[in-house]
Amino acid sequence: MPELPEVEVSRMGITPHILQQRVTKVNIHNPNMRWPVPDEVYQITNLAVLDVQRRAKYLLLKCELGSVILHLGMSGNLRVVDKDEPLKKHDHIEFIFANNKALRLNDPRRFGCCLWQQLDQCHSLLSKLGPEPLTDEFTAKRVYEQSRNKKVPVKQFIMDNVVVVGVGNIYANESLFKAGIHPKREAGKVSLARYQQLVPIIKDTLAAAITQGGTTLKDFAQSDGKPGYFAQQLLVYGRKGEPCMVCKQILTEIRLGQRSTVFCSQCQR
């Protein structure tokens, strides 16, 4: 599933091709996404894209009447291609621009979405989201206060979009390892001092992934362009049964919230 860094790089990648460009046509080839694509999306036709923003894992194409909300789901990707480029299988939605480019949402599993947010309104999907992890709103003090009396494992706690958005499974695994915190520890039993370690690590881990992903931006102008996961050395995620890179203890995998969780029983307490 694309996580926050992948979505942010998608935003960075498509922006130069569509910013201030007028949408000449919207083609909904398959409206049956995670939620049916509403007719309101057609309102962007003949309007310019004034900004391309990201909120959590949602991308917003903003125009003077509102915003098209895009989500990549579990398997989706965005491509910018020449408008006459033949459609690929699973190209469900496309926006044609006056510069003869097309932005296409390809989603084999159709867990993504394309929705509409009216100007000066906040869509229900966005209204209860917590702070962005790379902003000053996301602080150790805030997380510590929210965690009090919470019995949920700390890994699930930091993946809760009410606490902070965009800390997906890969980056939760990696951040907890770097902070030396066991993923099953109750969130309410993690001290302020340890959250003061964890929060900057989450920020640094996500920021590094975004920086690394920037090297893929050229792909967005190609017909097969997609960010994928960035070529980075993961310390624990996907390394079940391999030795810890710090202490050489064999890494353990468990399931938390139905998600793969890999950790070092020696380094994480």
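Residues numbered from 1 in each chain as written. Predicted model: local features only at pLDDT ≥ 70, side-chain atom pairs only at ≥ 80, totals over all residues. Heavy atoms only, no water.

Residues Ile 44, Leu 61, Val 68, Leu 70, Phe 95 and Leu 103 are the most contacted members of the largest nonpolar core, which totals 28 residues. Counting residues per element, the ones that place at least two in this core are α1 (4-18), β1 (23-28), β3 (58-63), β4 (66-71), β5 (77-82), β6 (91-97), β7 (101-106) and β8 (113-118). Look past the residues within four positions of Leu 70 in its chain and what remains in contact with it is Lys 57, Tyr 58, Leu 59, Leu 61, Leu 78, Phe 95, Leu 103, Cys 113 and Cys 114. Val 143, Val 164, Ile 170 and Tyr 195 belong to the second largest nonpolar core, which has 24 residues in total. (Core = buried A, V, L, I, M, F, W, Y, C linked by side-chain atoms within 4.5 Å. Buried < 20%, exposed > 50% of the residue type's maximum accessible area, 1.4 Å probe, protein only. Helix = DSSP H or I, 4+ residues; strand = E, 2+ residues; numbered from the N terminus. Contact = heavy atoms within 4.5 Å.)

Time to look at the UniProt feature "binding site: DNA" (unreviewed entry) in the protein chain. Mapped onto the present numbering, the UniProt feature "binding site: DNA" (unreviewed entry) falls on His 90, Arg 109 and Lys 150. Separation in sequence by 61 residues is matched in space for these annotated residues, since their most distant C-alpha atoms are 41.5 Å apart. Position of His 90 relative to the elements: it lies in the loop between β5 and β6. Beyond its immediate sequence surroundings of up to four residues, His 90 is in contact with Leu 105, Asn 106, Asp 107 and Pro 108. With respect to the secondary-structure elements, Lys 150 resides in the loop between α2 (140-147) and α3 (154-158). The exposure class of Lys 150 is partly exposed, given its relative accessible area of 37%. Setting aside residues up to four positions removed in sequence, Lys 150 forms contacts with Phe 157, Glu 186, Ala 187 and Gly 188. Reaching out from Lys 150, the side chain makes a polar contact with the backbone oxygen of Gln 146 at a distance of 3.0 Å. (UniProt positions renumbered as here; feature names shortened; annotations may be inferred. Polar contact = N/O pair within 3.5 Å; in protein donor to acceptor, adjacent residues only side chain to side chain.)

Moving on to the sheet that holds β8. An order of β2-β3-β4-β8 is seen for the four strands of this open sheet, with the pairing classed as antiparallel. Each edge of the open sheet carries a strand with a single partner, namely β2 (51-55) and β8. Taken over all neighbouring pairs, the strand axes of this sheet differ in orientation by 25 degrees on average, direction set aside. The sheet strands contacting α1 are β2 and β3, and the helix crosses β2 at an angle near 175 degrees. (Pairing = 2+ DSSP bridges. Axes fitted to C-alpha atoms, helices over the stretch in contact; angles between N-to-C directions.)

A few words now on the pattern of salt bridges. Across all of its chains, the model carries 10 salt bridges by this definition. A salt bridge links Lys 101 to Asp 82, with the shortest nitrogen-to-oxygen separation between them at 2.8 Å. Of the two residues, Lys 101 sits in strand β7 while Asp 82 sits in strand β5, which places them 19 residues apart along the sequence. Taking the relative accessible area as the measure of exposure, Asp 82 reaches 43% and is therefore partly exposed. (Salt bridge = Lys/Arg side-chain N within 4 Å of Asp/Glu carboxyl O.)

So, about the sheet that holds β5. The strand order across the open sheet formed by four strands is β1-β6-β7-β5, and the pairing between neighbours is antiparallel. For this open sheet the edge positions go to β1 and β5, each flanked by a neighbour on one side alone. On average, each strand axis in the sheet is tilted by 20 degrees relative to the strand beside it, whichever way the strands run.

Bringing the UniProt feature "active site" (unreviewed entry) in the protein chain into the picture now. UniProt's feature table lists "active site" (unreviewed entry) at Pro 2, Glu 3, Lys 57 and Arg 259, given in the numbering used throughout. Inspection of the secondary structure assignment puts Arg 259 in strand β10 (residues 259-263). When near neighbours in sequence (up to four residues on either side) are disregarded, Arg 259 contacts Lys 155, Met 159, Asn 169 and Ile 254.

This part takes up the packing of helix α4 (residues 169-179) against helix α5 (residues 192-213). Helix-helix packing: each pair is described by the crossing angle between the helix axes and the interaxial distance. Look at α4 against α5: their axes get within 9 Å of each other, and the N-to-C directions meet at 135 degrees. With respect to each other, α4 and α5 are oriented oblique. At the point where α4 passes α5, the crossing takes the right-handed sense. Two secondary-structure elements touch here, α4 through Tyr 171, Glu 174, Ser 175, Leu 176, Lys 178 and Ala 179 and α5 through Arg 194, Gln 197, Leu 198, Ile 201, Ile 202, Thr 205, Leu 206 and Ala 209. Residues that form the contact of α4 with α5 fall into these classes: eight nonpolar, three polar and three charged. (Parallel < 35°, antiparallel > 145°, perpendicular 65-115°, else oblique. Left-handed = near helix turned anticlockwise from the far one by under 90°. Nonpolar A, V, L, I, M, F, W, Y, C, P; charged D, E, K, R; others polar.)

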